[in-house]
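What follows is the residue order along each chain.
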Amino acid sequence: MAKFPEIEGGGSLMLAWQIRNKLVLMVGGGEVAAGRILNLLNSDAKIRLISPRDGLNDEVAHRVEQGLVEYIDRTFEPSDLDDPAIAMVMTAIDDPEASTMIWKLCKEKRIVANIADVPPECDFYFGSQYRDGPLQIMVSTSGNGPRMANIVRRRIAASLPPNMGEAIKKVGALRKKLRVVAPGNEEGPKRMKWYVYPSLC
Ligand SMILES: C[C@@]1(CC(=O)O)c2cc3[nH]c(cc4nc(cc5[nH]c(cc(n2)[C@H]1CCC(=O)O)[C@@](C)(CC(=O)O)[C@@H]5CCC(=O)O)C(CC(=O)O)=C4CCC(=O)O)c(CCC(=O)O)c3CC(=O)O
Ligand SMILES: NC(=O)C1=CN([C@@H]2O[C@H](COP(=O)(O)OP(=O)(O)OC[C@H]3O[C@@H](n4cnc5c(N)ncnc54)[C@H](O)[C@@H]3O)[C@@H](O)[C@H]2O)C=CC1
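Predicted model, so just to flag it, every value in this text is computed and none were measured. (Residues numbered from 1 in each chain as written. Chains lettered and ligands numbered in written order. Predicted model: local features only at pLDDT ≥ 70, side-chain atom pairs only at ≥ 80, totals over all residues. Heavy atoms only, no water.)

1. Some remarks on the packing of helix H1 (residues 31-42) against helix H2 (residues 58-65)
With their axes 8 Å apart at the nearest point, H1 and H2 run at an angle of 40 degrees to one another. As the angle between them shows, H1 and H2 are arranged oblique. In the crossing of H1 with H2, the sense of the turn from one axis to the other is left-handed. Along its contact with H1, which presents Ala-33, Ala-34, Ile-37, Leu-38 and Leu-41, the element H2 presents Glu-59, Val-60 and Arg-63. Looking at side-chain class alone, the contact of H1 with H2 contains 6 nonpolar, no polar and 2 charged residues. (Axes fitted to C-alpha atoms, helices over the stretch in contact; angles between N-to-C directions. Helix = DSSP H or I, 4+ residues; strand = E, 2+ residues; numbered from the N terminus. Parallel < 35°, antiparallel > 145°, perpendicular 65-115°, else oblique. Left-handed = near helix turned anticlockwise from the far one by under 90°. Contact = heavy atoms within 4.5 Å. Nonpolar A, V, L, I, M, F, W, Y, C, P; charged D, E, K, R; others polar.)

2. Some words on the UniProt feature "domain: Siroheme synthase central" (unreviewed entry) in the chain
Within the UniProt annotation, "domain: Siroheme synthase central" (unreviewed entry) is assigned to residues 132-158. Overall, residues 132-158 shows 48% helix and 22% strand. The separation of its end C-alpha atoms is 12 Å. (UniProt positions renumbered as here; feature names shortened; annotations may be inferred.)

3. Notes on the pairing of strand S2 (residues 46-50)
Working note: regular strand, side chains alternate between the two faces of the sheet. Taken across its 5 residues, S2 has 4 buried, putting it largely inside the fold. Pairing between strand S1 (residues 23-27) and S2: 5 bridges, direction parallel. The partner of Val-27 across the bridge, within S2, is Ile-50. Once the chain exits S1 it traverses H1 before rejoining the sheet at S2, and the crossover so formed is right-handed. Both S2 and strand S3 (residues 70-72) contribute to a ladder of 3 bridges, which runs parallel. (Buried < 20%, exposed > 50% of the residue type's maximum accessible area, 1.4 Å probe, protein only. Pairing = 2+ DSSP bridges. Right-handed = clockwise from strand over helix to strand, strands pointing away.)

4. Observations concerning the pattern of salt bridges
Any two side chains of opposite charge can pair, given that their charged atoms come close. The final tally for this structure, using the stated rule, is 10 salt bridges. Across the pair Arg-20 and Asp-44 runs a salt bridge, and its minimum N-O distance is 3.6 Å. Here Asp-44 lies in the loop between H1 and S2 and Arg-20 lies in the segment before S1, a separation of 24 residues in the sequence. In this structure Arg-20 comes out as partly exposed when scored by relative accessible area, which is 46%. In this structure, the salt-bridge partner of Arg-53 is Asp-73, at a minimum N-O distance of 3.9 Å. Of this pair, Arg-53 sits in the loop between S2 and H2 while Asp-73 is found in the loop between S3 and strand S4 (86-91), placing the two residues 20 residues apart along the sequence. Here the residues in one salt-bridge network are Arg-48, Glu-70 and Asp-83, joined through shared partners. (Salt bridge = Lys/Arg side-chain N within 4 Å of Asp/Glu carboxyl O.)

5. Section: unusual backbone geometry
Its identity is not glycine, yet Ser-142 carries a phi of approximately 50 degrees, on the positive side. Assignment of secondary structure puts Ser-142 in the loop between strand S7 (135-139) and helix H4 (146-158). For Ser-142, a relative accessible area of 25% puts it in the partly exposed group. The backbone of Asn-163 shows a phi angle near 65 degrees, a positive value even though the residue is not glycine.

6. Quick look at the domain arrangement of the chain
One widely used convention gives an interface's size as the accessible area the parts lose upon coming together. Split into domains, the chain comes out as domain 1 (23-126), domain 2 (127-160) and domain 3 (164-194). Its C-alpha centre places domain 1 at a distance of 23 Å from the equivalent point of domain 2. Counting residues at the interface gives 4 residues for domain 1 and 6 residues for domain 2. Both sides together, the interface formed by domain 1 and domain 2 hides about 390 Å², and carbon and sulfur atoms give 44% of it. Summed over the three residues of domain 1 that lose the most area to domain 2, namely Asn-42, Tyr-125 and Phe-126, the buried surface amounts to 81% of that side. In this assembly, domain 1 and domain 2 are joined by 0 salt bridges. Our count for the contact surface shared by domain 1 and domain 2 stands at 1 residue pair in polar contact (both at pLDDT 80 or more). The residue inventory of the side of domain 1 that touches domain 2, partitioned by class, reads 2 nonpolar, 2 polar and no charged. (Domains from an automatic or database assignment. Buried area = accessible area lost by both parts, 1.4 Å probe. Polar contact = N/O pair within 3.5 Å; in protein donor to acceptor, adjacent residues only side chain to side chain.)

7. Thoughts on the site of ligand 1
Near ligand 1 you find 18 residues, and of these Arg-36, Ser-128, Thr-141, Asn-150 and Arg-153 are the closest. Here an oxygen atom of ligand 1 sits 3.3 Å away from a polar atom, N or O, in the side chain of Asn-114. Ser-140 is positioned with one of its side-chain polar atoms (N or O) 3.2 Å from an oxygen atom of ligand 1. For ligand 1, whose unbound accessible area comes to 1,100 Å², protein coverage reaches 59%. In this structure, ligand 1 is accommodated by the second largest pocket. When residues of the shell around ligand 1 are assigned to their parent elements, the largest contribution, 4 residues, is made by H4. Tallied by class, the residues present in the shell around ligand 1 amount to 5 nonpolar, 9 polar and 4 charged. Taken together, domain 1 (23-126) and domain 2 (127-160) each give at least three residues to the shell around ligand 1, which thus spans both. (Near = heavy atom within 4 Å. Areas by Shrake-Rupley, 256 points an atom, 1.4 Å probe, with all protein chains shown as cover. 1 Å grid on protein atoms, 1.4 Å probe; cavity = no way out; pocket = protein on both sides within 12 Å on 5 of 7 lines; lining within 4 Å. Sits in = over half its atoms within 2 Å of the grid points.)

Right under this line is the structure:
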């Protein structure tokens, strides 16, 4: 066995992005946008949606009605990117020319962006996701086969024991309590020893 892990380039960097309370500009309000908006709301992001009202999907319209999304009823304008609070841009529009223009503007302004359907114009990809409370699993094929990602994700989800999310919530509560008892950064090793995980495997 090699002493250190073998390098296998060509992958994606898998992260759990903390987008909470940060502003995300969503351009387009169709079916794909509905999925993006759901992911963003589940991550407690602030959303500004730009899309003409007549193209809004029912789910997106419902989010707007509920006041969960700041809504601007028109097509995209370059000045929409001028707000320095914008942390991320996502487009899901049926207009490839506008998509490419938005991508180029985002790169000029160094804003991370995902242009749905155009992998070379994405700083990050979505994946097939499973959620159970604090437990999130995302399967990526790095753009090779989104439908395969869906199949793998469903298989993984089916193999999990029930109540995993609940169990993880309890571990989280326990770890919080231990941080109160031994709050210092230097007390990390002590805290680590205290954790007794139930045998799950
Ligand atoms: C690169 C990426 C960009 C991004 O992040 O936007 C991208 C790109 C493209 N998708 C295309 C097509 C389809 N995408 C889906 C579905 C999903 N696509 C998702 C992610 C991603 N798709 C990112 C890579 C993810 C990875 O690592 O694999 C999922 C996982 C998550 C999500 O979108 O939320 C979600 C499944 C969620 C779930 O079910 O769990 C279906 C199936 C369906 O609709 O049921 C089809 C039709 C069938 C087919 O073509 O396979 C096309 C071709 C368009 C064309 O040919 O015109 C491109 C462009 C290209 O590949 O060039
Ligand atoms: N996961 C992925 O990567 C997938 C990507 N797609 C692609 O995503 C794109 C969007 O798909 P859908 O949501 O199904 O389309 P859709 O037709 O349902 O929605 C498009 C939306 O964009 C809005 N729009 C169009 N031009 C605009 C502009 N200049 N400014 C603001 N809003 C604008 C429309 O009013 C509408 O709300 C398509 O290019 C599609 O091929 C589709 C399936 C999966």
